[in-house]
Amino acid sequence: MTGERGLPELRELADRYGTPAYLYELDEVDAAVSGLRQALPAPAVLYYSVKANPHPVLVRALRDAGCHAEISSSGELAAAREAGFAGAHCLYTGPGKTTEEIARALAAGVRRFSAESVVDYHRIAATAAAAGVTADCLVRVNTLRAKGASGLRMSGTATQFGVDVAVLAEHPELFTTRPGGRVVGLHFFSVSNASSEAVIAEEMCASIATAAQLRVDPGIDLRVLDLGGGFAAPYAREGHLPDYRRLRRRVESGLDAHLPGWRAGEPAVAFESGRYLVGSCGRLLVQVADVKRSQDRTFVVLDSGINHLGGLSGLGRLMPVAATVLPATTRGAWPDREVAVEGRATMVGPLCTPADVLARDAVVGAVASGDLVAIPNVGAYGLTASLVGFLSRPVAAEVVLRGGSPVDASRVELRRVPIQSRAPRTGGRRHEISGSV
Ligand SMILES: Cc1ncc(COP(=O)(O)O)c(C=O)c1O
């Protein structure tokens, strides 16, 4: 943690909205969209992956900036619709889609789906046929490659995502046009949070070559080619978005070499990003509740932990947190303020579990109860990837800013609501799909 005087606006926002509070700056979102667009081939559709942050004001800003929406659940569909996205601008992805979810998406006008398996494709088609429409499907491909180092690899290995490229090549009959469904292209998403620009370029060029090959043999209809993403962003530590200045040229050369019609939209090319687009817009503002020693270690107890930041931390996936400390201004409110530390400390949240750790061995300046702590670069996979229900604490406030001024402030509320029991099914198991490999 770095000690820092000033930043009075953070203190003011904490006084106004309380802590813990997420602060999202829309100017940062706009800058990230234009930065990524410059790094990508054009023309291309850029999907915003709503899973990174479904806050409706942010999602609307991404729509206004020209993005389309990549969604994976009925909740994300609702967020996209609330933000003004037309169903026609949504791509529905993800394994295990249920008939109900697909039907809801179709009713909202969604027509483009990523098919994660044969079963998924047949279920999408059957549901669309029942609704009297046709769904355009991109078959998600699990490529053979497993080279690139990344935060999270989602292909090139045995995985629940996509269809093994060998299955697609050897059994194209599983993906032929059927009532309610047709394959109009391919979807690749092999890495998330890639370690370098070279890894992304290499993955995308390999995907382009694979797609071109599959178009020739077995003759996949390639009107749309979604090359995914893997664009990285710093998480809970200081830093800037990566500079992808060589990416565009490399991917455009790959497209020109293998799919020369792409500039005229044959195929139409698409990319996806969550964390790059919204990661840098968000800061989490928390307050130090206590500072204590246990044996040879110092613990800084914050008023928020893995319930608001890093469900991923609970899974041991969080990178070291860096934070800025804003010393408390009113000593009177914190009679125990003399307990202060300087050196290394473990930053923990208030939950009753030893897993509630945000940072071990963080370097802290002088810190005492009542101080504010600002954790940067948590606009993506912050609140939405956290254990918000655990210990039944109120969910953190979310304040959206434009040019530093608040434009929206709200809080998610978890409420118990009664549910209707479903009518019992007759006739035992339902068989709505056929075919698997
Ligand atoms: C299919 C798909 N698209 C997009 C994303 C967004 O990834 P990121 O936020 O790293 O850009 C993910 C993340 O898991 C994904 O699975």
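Structure's up top.
Residues numbered from 1 in each chain as written. Predicted model: local features only at pLDDT ≥ 70, side-chain atom pairs only at ≥ 80, totals over all residues. Heavy atoms only, no water.

A. Structural detail: the pairing of strand E17 (residues 340-348). Pairing of strand E15 (residues 297-302) with E17 involves 3 bridges; the strand directions are parallel. Bridge assignment links Val301 to a residue of E17, and that residue is Val348. Bridge analysis of E17 against strand E18 (residues 357-368) gives 7 bridges, and the strand direction is antiparallel. What sits directly across from Val341, in E18, is Val367. (Pairing = 2+ DSSP bridges. Helix = DSSP H or I, 4+ residues; strand = E, 2+ residues; numbered from the N terminus.)

B. Representation of the site of the ligand within the structure. Ser192, Glu272, Gly274, Arg275 and Tyr381 are the nearest of the 12 residues found near the ligand. Glu272 places a polar side-chain atom, nitrogen or oxygen, 2.4 Å from a nitrogen atom of the ligand. For the ligand, whose free accessible area comes to 400 Å², the fraction covered by protein is 93%. Broken down by class, the residue content of the shell around the ligand amounts to 3 nonpolar, 4 polar and 5 charged. (Near = heavy atom within 4 Å. Polar contact = N/O pair within 3.5 Å; in protein donor to acceptor, adjacent residues only side chain to side chain. Areas by Shrake-Rupley, 256 points an atom, 1.4 Å probe, with all protein chains shown as cover. Nonpolar A, V, L, I, M, F, W, Y, C, P; charged D, E, K, R; others polar.)

C. Geometry of the pairing of strand E4 (residues 68-71). Side-chain alternation along E4 places His68 and Glu70 on one buried face and Ala69 and Ile71 on a second face that is also buried. Bridge count for strand E3 (residues 45-49) against E4 is 3 bridges, and the pairing is parallel. Across the sheet, the residue bridging to Ser49 is Glu70, located in E4. Crossover E3 to E4 through helix H3 (residues 56-64) is right-handed. Strand direction decides the pairing type here: E4 and strand E5 (residues 90-92), joined by 3 bridges, are parallel. Looking at the pairing, Ala69 lines up with Cys90 of E5. For the crossover that starts at E4, traverses helix H4 (residues 74-82) and ends in the parallel E5, the hand is right-handed. (Buried < 20%, exposed > 50% of the residue type's maximum accessible area, 1.4 Å probe, protein only. Right-handed = clockwise from strand over helix to strand, strands pointing away.)

D. How the structure looks around the nonpolar core. One finds Phe113, Leu186, Leu225, Phe231 and Leu277 to be the most contacted residues of the largest nonpolar core, which totals 109 residues. If you tally residues by element for this core, the top one is helix H8 (residues 197-216), at 8 residues. In contact with Phe113, not counting residues within four places along its chain, are Leu91, Tyr92, Lys97, Ile102, Ala105, Leu106, Ile124, Ala135, Asp136, Cys137 and Leu138. Leu10, Leu13, Ala14 and Val399 belong to the second largest nonpolar core, which has 10 residues in total. (Core = buried A, V, L, I, M, F, W, Y, C linked by side-chain atoms within 4.5 Å. Contact = heavy atoms within 4.5 Å.)

E. Here's a closer look at the environment of Tyr244. Residue position: Tyr244 is located in the loop between strand E12 (224-226) and helix H9 (247-258). For Tyr244, the contacting residues outside a window of four places in its chain are Ala39, Glu197, Ile200, Gly230, Phe231, Ala232 and Tyr276. Within polar-contact distance, the side chain of Tyr244 engages the backbone nitrogen of Ala232 at 2.8 Å.

F. Highlighting the packing of H8 against H9. Running from N to C, H8 and H9 point in directions that differ by 10 degrees, and their axes come no closer than 9 Å. Taken together, the axes of H8 and H9 lie roughly parallel to each other. Note on packing geometry: the crossing formed by H8 with H9 is right-handed. Residues Glu197, Ala198, Ile200, Ala201, Glu202, Met204, Cys205, Ile208, Ala209 and Ala212 of H8 form the contact with H9, whose own contacting residues are Leu247, Arg250, Val251, Gly254, Leu255 and His258. A class-by-class count of the residues in the contact of H8 with H9 yields 11 nonpolar, 2 polar and 3 charged. (Axes fitted to C-alpha atoms, helices over the stretch in contact; angles between N-to-C directions. Parallel < 35°, antiparallel > 145°, perpendicular 65-115°, else oblique. Left-handed = near helix turned anticlockwise from the far one by under 90°.)

G. Spatial organisation of unusual backbone geometry. The peptide bond linking Ala42 to Pro43 adopts the cis configuration, its omega dihedral lying at 5 degrees. Take Pro43: it is sitting in the loop between helix H2 (26-39) and E3. Cis geometry marks the peptide bond from Asp217 to Pro218, where omega comes out at 20 degrees. Even without glycine at this site, Ala236 takes up a positive phi of about 60 degrees.

H. View of H3. Inspection of H3 places Leu58, Val59, Ala61 and Leu62 among the buried residues, and these make up the whole buried set. Down the axis of H3, the buried side of the element spans an arc of 155 degrees, and every buried residue falls inside it. Of the surrounding elements, those touching the buried residues of H3 are strand E2 (21-25), H2, E3, H4, helix H10 (275-278) and strand E20 (397-402). A positive backbone phi angle near 100 degrees is found at Gly66, which sits one or two residues after H3. (Arc of directions from axis to C-beta.)

I. The packing of helix H5 (residues 99-107) against helix H6 (residues 118-130), seen in detail. Between H5 and H6, the least distance of the axes is 9 Å, while the angle of their chain directions is 55 degrees. Of the possible angle classes, the one that applies to H5 and H6 is oblique. Read as a crossing pair, H5 and H6 show a hand that is right-handed. Contacts between H5 and H6 involve Thr99, Ile102, Ala103 and Leu106 from the first element and Arg123, Ile124, Thr127 and Ala128 from the second.

J. The arrangement of the pattern of salt bridges in detail. Applying the stated criterion across every chain yields a total of 13 salt bridges. Of the charged contacts, one joins Glu116 and Arg140 as a salt bridge, the two residues approaching to 3.0 Å between their closest N and O atoms. One end of the pair, Glu116, is in the loop between strand E6 (112-115) and H6; the other, Arg140, is in strand E7 (residues 135-142), and 24 residues separate them in sequence. Note on accessibility: Glu116 and Arg140 belong to one class, buried. (Salt bridge = Lys/Arg side-chain N within 4 Å of Asp/Glu carboxyl O.)

K. Geometry of the side chain of Glu398. You can see Glu398 is positioned in strand E20. One buried charged side chain, Glu398, makes no salt bridge at all; its nearest oppositely charged neighbour is Arg411, positioned 8.8 Å away. Of note is the side chain of Glu398, whose polar atom sits 2.6 Å from the side chain of Tyr24. In contact with Glu398, other than residues within four places in its own chain, are Tyr22, Tyr24, His55, Leu383, Asp408, Ala409, Ser410 and Val412. (Lys, Arg positive; Asp, Glu negative; His and termini not counted.)

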